Structures are given as structure tokens and as C-alpha cells.
Amino acid sequence: MTQTPGAPDSALPGHIPGPGPATGSASTSVTTAELPALRRRVQAVLIATQILGGLGIAIGVALAAVLATEVGGTEALAGLASTATVAGPALLAMPLAALMASRGRRAGLVLAYLLGAVGAGVVVLGAVVGSFALLLAGLVGFGAGSSANLAARFAAADLAEPDHRARAISTVVWATTIGAVLGPNIAAPAGKSVAGLGVPATAGPFVWAAGVFVVAAAVVALLLRPDPLLTARALTDADPGGKEAVESRSLRAGMRAVRESPRARLALVTVAGSHTAMVSIMSMTPVALTHHGADIELIGLVISGHIAGMYAFSPLMGRLSDRLGRLSVIGLAVGLIGAAALVAGTAGPSHGRVALGLFVLGLGWSAGLVSGSALLTDSVPQAARAAAQGLSDFIMNTAAGVGGLVAGLIVSRAGYGPLNAIAACLLLPMAALALRGVLKKA
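Owing to the predicted nature of the structure, the values given are computational and were not obtained by experimental measurement.

Q: How do you make sense of the overall build of the protein chain when you look at a structure like this?
A: Summing up its helical and strand segments, the protein chain has 18 helices and two strands in all. Sorting the 442 residues of the protein chain into buried and exposed places 53% on the buried side. The contacts in the protein chain between residues at least 6 apart in sequence include a share of 79% that link residues at least 24 apart. Total accessible area on the protein chain stands at roughly 17600 Å², and carbon and sulfur atoms take up 69% of it.

Q: Honestly, the packing of helix α3 (residues 105-129) against helix α4 (residues 132-142) in this entry has me stumped. Any pointers?
A: For any two helices packed against each other, one specifies the crossing angle of their axes together with the interaxial distance. In contact at an axis separation of 7 Å, α3 and α4 are set at 160° when each is read in the N-to-C sense. Taken as axis vectors, α3 and α4 run roughly antiparallel relative to one another. Like other packed secondary-structure pairs, α3 and α4 cross with a definite hand, here left-handed. Across from Leu115, Gly116, Gly119, Ala120, Val122, Val123, Leu125, Gly126 and Val129 in α3, the residues of α4 making contact are Leu134, Leu135, Gly138, Leu139, Gly141 and Phe142.

Q: Looking at this structure, I do not really get the nonpolar core. What am I missing?
A: Nonpolar side chains in soluble globular proteins generally cluster together in the buried interior. Among the nonpolar cores identified, the biggest contains 66 residues, and Val258, Ile330, Leu358, Leu361, Leu376, Tyr416 and Leu419 are the most heavily contacted of them. Apart from residues lying up to four places away in sequence, Leu419 is in contact with Ser280, Ile281, Met284, Ala407, Ile410 and Val411. Residues Leu92, Ala120, Val123 and Ala144 belong to the second largest nonpolar core, which totals 53 residues.

Q: Just to check I follow, could you spell out the layout of surface pockets for this structure?
A: The rolling of a water-molecule-sized probe over the atoms marks out the regions of remaining empty space. There is about 300 Å³ of room inside the second largest pocket. In this structure, the second largest pocket is lined by 13 residues; those nearest its centre are Arg39, Arg40, Gln43, Ala160 and Ala168. At the level of secondary structure, the elements contributing two or more residues to the lining of the second largest pocket comprise α1 (35-72) and α6 (165-193). By residue class, the composition of the lining of the second largest pocket is six nonpolar, three polar and four charged.

Q: Explanation requested: the packing of aromatic side chains in the structure shown.
A: Within a pair of aromatic rings, the relevant descriptors are the distance that separates the centres and the angle that separates the planes. Using the criterion set out here, one finds five aromatic pairs in the structure. On the numbers, 5.1 Å between centres and 70° between planes, the contact of Phe142 with Phe206 is edge-to-face. Linking Phe142 in helix α4 with Phe206 in helix α7 (residues 204-223), this pair joins segments that are 64 residues apart in sequence. Given a relative accessible area of 2%, Phe142 falls into the buried group. Given a relative accessible area of 0%, Phe206 falls into the buried group. With centroids separated by 5.7 Å and ring planes inclined at 50°, the aromatic side chains of Phe142 and Phe213 adopt a geometry described as tilted. Pair noted here: Phe142 is in helix α4 and Phe213 is in helix α7, with a separation of 71 residues, a long-range link. Of the aromatic side chains, those joined through ring pairs into one cluster are Tyr113, Phe142, Phe206 and Phe213.

Q: Would you mind showing me how to read unusual backbone geometry here?
A: Note: most peptide bonds trans; most residues except glycine with negative phi. The linkage connecting Arg225 with the following residue, Pro226, adopts the cis geometry, with an omega of -5°. By secondary structure assignment, the location of Pro226 is in the loop between α7 and α8 (228-236).

Q: What am I meant to see in the side chain of Asn397 here?
A: Within the secondary structure layout, Asn397 lies in helix α16 (residues 385-413). With relative accessibility at 5%, the residue Asn397 sits in the buried group. If near-sequence neighbours (up to four positions away) are discounted, Asn397 is found in contact with Val86, Pro89, Ala90, Leu150 and His275.

Q: When you look at the environment of Ala257 in this model, what are you seeing that I'm missing?
A: With respect to the helices and strands, the residue Ala257 is situated in helix α10 (residues 251-260). According to the relative accessible area criterion, Ala257 is buried, its value standing at 11%. In this structure, Ala257 is in contact with Val380, Pro381 and Ala384, ignoring residues within four places of it in sequence.

Q: Any chance you could explain the packing of α3 against helix α5 (residues 144-158) here in plain terms?
A: Closest axis-to-axis distance for the α3/α5 pair is 8 Å, and the angle between their directions is 160°. With respect to their mutual orientation, α3 and α5 come out roughly antiparallel. Considering only the axes of α3 and α5, their crossing is left-handed. Each of Arg105, Leu109, Ala112, Tyr113, Leu115 and Gly116 in α3 lies in contact with α5, whose residues at this interface are Ala144, Gly145, Ala148, Asn149, Ala151, Ala152, Phe154, Ala155 and Asp158. The residue inventory of the contact of α3 with α5, partitioned by class, reads 10 nonpolar, three polar and two charged.

Q: Mind showing me how you'd approach empty space enclosed by the protein here?
A: If you walk through the whole model with that rule in mind, you get three cavities of 30 Å³ or more. Considering only enclosed or pocket space, the largest cavity measures out at about 110 Å³ in volume.

Conventions we followed
Residues numbered from 1 in each chain as written. Predicted model: local features only at pLDDT ≥ 70, side-chain atom pairs only at ≥ 80, totals over all residues. Heavy atoms only, no water. Helix = DSSP H or I, 4+ residues; strand = E, 2+ residues; numbered from the N terminus. Buried < 20%, exposed > 50% of the residue type's maximum accessible area, 1.4 Å probe, protein only. Contact = heavy atoms within 4.5 Å. Areas by Shrake-Rupley, 256 points an atom, 1.4 Å probe, with all protein chains shown as cover. Axes fitted to C-alpha atoms, helices over the stretch in contact; angles between N-to-C directions. Parallel < 35°, antiparallel > 145°, perpendicular 65-115°, else oblique. Left-handed = near helix turned anticlockwise from the far one by under 90°. Core = buried A, V, L, I, M, F, W, Y, C linked by side-chain atoms within 4.5 Å. 1 Å grid on protein atoms, 1.4 Å probe; cavity = no way out; pocket = protein on both sides within 12 Å on 5 of 7 lines; lining within 4 Å. Points joined across faces, edges and corners; volume = space filled by probe spheres on them. Nonpolar A, V, L, I, M, F, W, Y, C, P; charged D, E, K, R; others polar. Phe/Tyr/Trp six-rings, centres within 6.5 Å; stacked < 30°, edge-to-face > 60°.

Here you go:
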């Protein structure tokens with residue numbers, strides 16, 4: 001049996017039976033000739049939902065800390081708002097992976113967006129009744145929208161050709177830029193739109209976010225057909241509904257696949273290390289800028305430049321990862337994040353150097369996320385991918401949540417410079433494992 005050019009991993013020529021009821025999808029079929037068009041359609045749907053999801057997240061996050069201060073009555077509680085939104089993706093990562101492994105990408109993405117919508121509604125309710133506990137619970141649910149956007153990057157890789165996986169992932173990551181840029185600018189109109197309804201203006205963005213998440217869920221439910229994960233499984237599994245195939249898709253099988261693959265372990269370390277270093281430095285940069293006299297407008301510009309570095313250049317990182325190899329771009333991520341920590345950590349009162357450091361930090365995060373996600377997908381069997389990818393998102397978000405909390409303690413006791421130095425140390429395991437991979441390959 002020969003591999004058909006352009007098909008993911010391996011595919012049978014001609015007419016391929018799709019996943020049946022045992023895999024949680026209506027029976028469908030795809031031919032190898034139809035794969036290119038299917039890939040384009042799946043990517044178009046994912047790009048649309050990334051824009052919507054990014055918009056919903058950015059609308060809410062723009063005023064989450066302000067709303068938490070209003071409801072909690074003190075700025076000391078504002079930091080819990082960002083922690084709650086990070087906790088949502090961390091808590092949902094593994095259950096979402098289990099659902100996708102058994103029912104496909106569509107079921108998982110729809111659930112995550114709907115949970116985000118419900119969470120946004122609970123945030124509004126908490127603001128109306130003045131309950132800080134209800135507000136935090138809502139923000140945890142609201143964070144589920146981020147889970148959907150993170151999982152979508154792997155959905156883009158399900159049907160991608162092996163040599164183009166990083167490019168497919170990076171294109172979907174790039175689409176988040178549009179929503180992330182538009183979101184904060186819509187926050188003010190969203191606040192005004194609830195005037196006279198008994199809803200605080202700072203909760204208005206969450207009303208809009210709930211609506212945007214519902215629309216994103218509807219787009220996925222109606223248009224992401226056939227399901228990319230179930231279709232990819234049908235292309236590679238002789239018996240996708242068999243007992244052995246089902247067992248190979250369990251969370252335990254995914255963890256075992258990562259444990260047994262050095263490259264998969266490197267991928268997890270890369271994604272988690274890049275994300276944690278980025279969140280730790282970025283979350284405390286506004287505080288450092290304030291200490292050196294920066295106003296809100298300047299802080300906004302610095303963070304905007306950082307976001308541009310994170311998302312706008314991800315297609316470049318994808319192309320480099322496909323052409324030069326995953327390990328080369330992981331090395332690039334180490335260099336960029338290390339340089340960013342050096343520039344920002346030694347900037348002192350220079351706002352320009354901090355802005356440059358944060359922009360480079362965004363580039364390093366993009367390189368790490370794209371190359372690490374592609375390497376993880378390459379390194380585990382198709383059946384175990386959904387579970388392994390969920391494990392990746394769980395570790396990434398949990399580590400970043402801890403990193404964000406610890407970053408505040410470091411800055412309060414030692415300062416912004418030492419925080420950057422400690423964050424740079426997170427790169428050492430990445431660098432060591434990547435170098436080991438290069439030496440073994442040589």
C-alpha cells in the first residue's frame with residue numbers, strides 16, 4: 001500500500017469511508033481528490049471562529065481588572081481577574097481533550113465557546129448583584145473561550161500535509177490578531193450599549209462577548225463538517241470504531257505517547273516554557289512602566305506592540321518551522337525570548353527599550369508556540385494526538401497561571417529586572433532538550 005501524495009501521514013487512494021456512529025459522527029466519506037478543498041474549507045471556518053473568539057476574549061479582558069476592582073472594592077483583588085481567566089483553560093484542557101478524542105473537534109469547540117458564553121453571562125450577573133465570588137466563577141467560565149481558540153490551532157493541523165502542519169497552525173493563530181486588535185476598541189461602545197438596563201458599563205463588554213461566543217459556536221456547529229479530526233482518523237485507521245482504536249485515543253494513551261517520545265516531551269517543554277516566560281514578563285510590565293512614569297496610553301501602546309509580535313508574525317514562524325525544521329525554530333524561540341528578557345530587564349526608565357523587549361518577547365512566544373505545537377503533532381500517533389494536545393494545553397496554562405502569580409511576588413520583593421532574569425532561566429530546559437535533539441539528529 002503506498003502513501004498518496006498530499007494526504008496527512010497516510011491515506012488510502014480512492015474513496016475513503018469516514019467515521020461512523022462509534023466515533024461520534026454521522027457516517028461520511030472523503031476521497032483523496034477532495035482533501036485539498038476540504039483542507040481549505042476547514043481552515044476558512046477556523047479562521048472565522050478565531051477572529052470571533054479573539055474578539056470575544058479581547059472585549060472582556062479589556063475591562064476585566066477594572067470590573068473586578070469595582071465589584072471587589074479594592075485594586076488588590078484585580079489581579080485575581082486575570083488568574084481566573086487563565087484558570088478556565090487550564091481546568092477545561094483535559095476534559096475538552098477527552099471529548100474531542102471521542103466525539104471530534106466540532107463537539108469540543110462548540111462546548112468550549114458555549115461555556116465561554118455562559119461564563120460571560122455569569123460575570124454580568126455577578127456585576128449586577130455585586131458578588132465578587134460570582135464574578136470570579138464567571139471569569140473562569142469565560143476563559144473557556146480561550147480554550148476553544150487554543151484547540152483550534154490543532155484542528156488546523158488534523159488534515160494538513162505533514163510538511164505544512166506548522167504553516168496551518170500559524171495561519172489560524174494569526175487570525176486571532178484581528179479579534180485581539182478590534183476587541184479593546186469595541187469595549188467602550190459595548191459599555192454604553194447597556195446604559196439604562198441596570199448593568200454596569202464595565203460589564204457591558206461581557207454582554208457582547210457572550211453573543212460573540214454564541215455566534216462562534218454556531219459557525220463551528222454548522223460549517224465545520226465533516227469533522228477534521230474524525231476525517232483524519234478515518235484516513236489512517238483501518239477500523240476507527242474498533243475497541244483497540246478507541247483505547248488508543250484515551251487520555252492515558254495520550255500521556256503514554258508523550259512519555260515515550262523525547263520529541264513530544266521537548267514540544268511540551270517548549271510550549272509551556274515559552275508561554276510561562278511570556279505571561280510572567282508581560283503581566284508585570286504595566287506595573288514596571290507605571291513605576292517609571294508611564295501613563296495608560298503608553299502602556300496600551302506597549303502591550304499592543306507585544307500582541308502584534310505574538311500573532312501578526314506567526315505565519316512567518318510557521319513557514320520557517322516547515323522549511324528549516326521544528327528544532328531550528330525552537331532554538332530561535334530561545335534566542336528571541338532570551339534577548340527580550342535582556343532588553344526589557346535592563347531597560348530601567350527607558351520606555352522605548354521596554355516596548356522593544358515586549359515586541360521581541362511576542363515574537364519568541366510565537367516561534368515557541370507554533371514550532372512546539374507542530375512538533376507535538378508530528379511526534380505522537382494520530383490516534384493519541386487529541387489527548388496529547390490537551391495535555392499540552394493543560395500544562396501550558398497551569399504553568400502560566402503559576403508563573404503569573406509568582407511574577408508579582410518577584411517584582412514586589414526584587415524588581416522587574418530580576419523577574420526577567422528568572423523568566424529567562426525557564427528557557428534552559430528548552431535549550432538543553434533542543435540541543436540534545438540536534439546532536440542526536442547529526
